[in-house]
Structure formats: C-alpha cells, structure tokens
Amino acid sequence: QVQLVESGGGLVQAGGSLRLSCAASGSIGNIEIMGWYRQTPGKQREWVAVISRSGRSNYVDNVKGRFTVSRDDVDSVKNMVYLQMNSLKPEDTGLYYCNARSVYRESLNYWGQGTQVTVSS
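Residues numbered from 1 in each chain as written. Predicted model: local features only at pLDDT ≥ 70, side-chain atom pairs only at ≥ 80, totals over all residues. Heavy atoms only, no water.

**Q** Looking at this model, I keep getting lost on the side chain of Glu6. Mind explaining?
**A** Relative to the helices and strands, Glu6 is located in strand S1 (residues 2–7). Although Glu6 is buried, it makes no salt bridge; Arg45 carries the closest opposite charge, 7.7 Å away. Engagement of the side chain of Glu6 in a polar contact is seen with the backbone nitrogen of Cys98, the distance being 2.7 Å. Side-chain polar atoms of Glu6 contact the backbone nitrogen of Gln113, separated by 3.0 Å. Sequence-distant contacts of Glu6, that is, excluding residues within four places in its chain, are made with Ser21, Cys22, Trp36, Tyr96, Tyr97, Cys98, Gly112, Gln113, Gly114 and Thr115. (Helix = DSSP H or I, 4+ residues; strand = E, 2+ residues; numbered from the N terminus. Buried < 20%, exposed > 50% of the residue type's maximum accessible area, 1.4 Å probe, protein only. Lys, Arg positive; Asp, Glu negative; His and termini not counted. Salt bridge = Lys/Arg side-chain N within 4 Å of Asp/Glu carboxyl O. Polar contact = N/O pair within 3.5 Å; in protein donor to acceptor, adjacent residues only side chain to side chain. Contact = heavy atoms within 4.5 Å.)

Okay, structure coming up:
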C-alpha cells in the first residue's frame, strides 16, 4: 500500500503562485509515475502534470509554461512530488489530487485526499 498526503492548497489572486506538495510513503518501490490531477464541479478529473522516476515530465497544454512538476525520491519508503503553479488563472481553480502509479501493474494506482486551489479574479 501507498499513502499520499497533499498540502499547499489555498486561495490566491489571479497571477499569483502556489506550491503543492505530496508525500508518498509505504510500498513505493513499484511506483514509477507520480503526478497531479484536478477536478472541478461538473467535470471529470483531468490530469495536469506527471513525472516519471527518471525525471521526464509532461503537462496538459493549458498549464505549460506556468506549472512545474518535480519529485524527490527521498529513500526506499518515501517520495515527494511537488507542483509549482505560477501565473494562476481562475480556470485553474479545482480540487487537486496527487497520484502515484505503476506503469506495469494497473492495480497499483493510488490517490491522495485532494487539496483545494481557488484562484480569484
């Protein structure tokens, strides 16, 4: 099992910045991909940014150039993943979830409890 705990959400004005953090602990040896998803009312959860164990990252088009995902593989039982969000827009508002998953085993797919990000205009 893997436990994910997010932090860093909050209320910010448009143009501002926030940094989300996610601590992953437990059986993380099989976790290759970590990332962030967000959900807004009435919409499906969408991926925002992901990063592989090798450090390769990918972003949804509407955050490219504004968001940066990074990770720190602290040790064999703890990883951290971050999402630096700059130039925030009201449409970035949502509940942001941390995700950790295996590339090879679909059953190894874990979610955090979510952290709210609200961007005011």
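**Q** I keep staring at the sheet that holds strand S8 (residues 78–85) and nothing clicks. Help me out?
**A** Sheets are built from strands paired through backbone hydrogen bonds, the pairs being either parallel or antiparallel. One open sheet accounts for four strands, arranged S1-S3-S8-S7; its pairing is antiparallel. In this open sheet, the two edge strands, each paired with only one partner strand, are S1 and strand S7 (67–75). On average, adjacent strands in this sheet sit at an angle of 15° to one another, irrespective of strand direction. One ladder, built from six bridges, connects S1 with strand S3 (residues 18–26); its direction is antiparallel. (Pairing = 2+ DSSP bridges. Axes fitted to C-alpha atoms, helices over the stretch in contact; angles between N-to-C directions.)

**Q** Hey, could you run me through the pattern of salt bridges in this one?
**A** A side chain with one charge can pair with a side chain of the opposite charge if their charged atoms come near. Per the stated rule, a full pass over the model turns up five salt bridges. A salt bridge links Lys64 to Asp61; the shortest N-O distance between them is 3.0 Å. Judged by its relative accessible area of 46%, Lys64 is partly exposed. Between Arg71 and Asp73 there is a salt bridge whose closest N-O contact spans 3.0 Å. Residues joined in a network through salt bridges with shared partners are Arg38, Glu46, Arg66 and Asp92.

**Q** How should the pairing of strand S4 (residues 33–39) be read in this particular structure?
**A** On any regular strand, side chains alternate: one points to one face of the sheet, the next to the other face. The element S4 is largely enclosed, with a buried count of six among its seven residues. Two elements, S4 and strand S5 (residues 46–52), share six bridges in a ladder whose sense is antiparallel. Residue Ile33 lies in a different strand from S5, and its bridge partner there is Ser52. Hairpin connection, S4 to S5: the antiparallel pair is bridged by six residues, and Gly42 has positive phi, about 85°. Direction of pairing for S4 relative to strand S9 (residues 94–101): antiparallel, over a ladder of seven bridges. Residue pairing for S9: Gly35 is matched across the bridge by Asn99.

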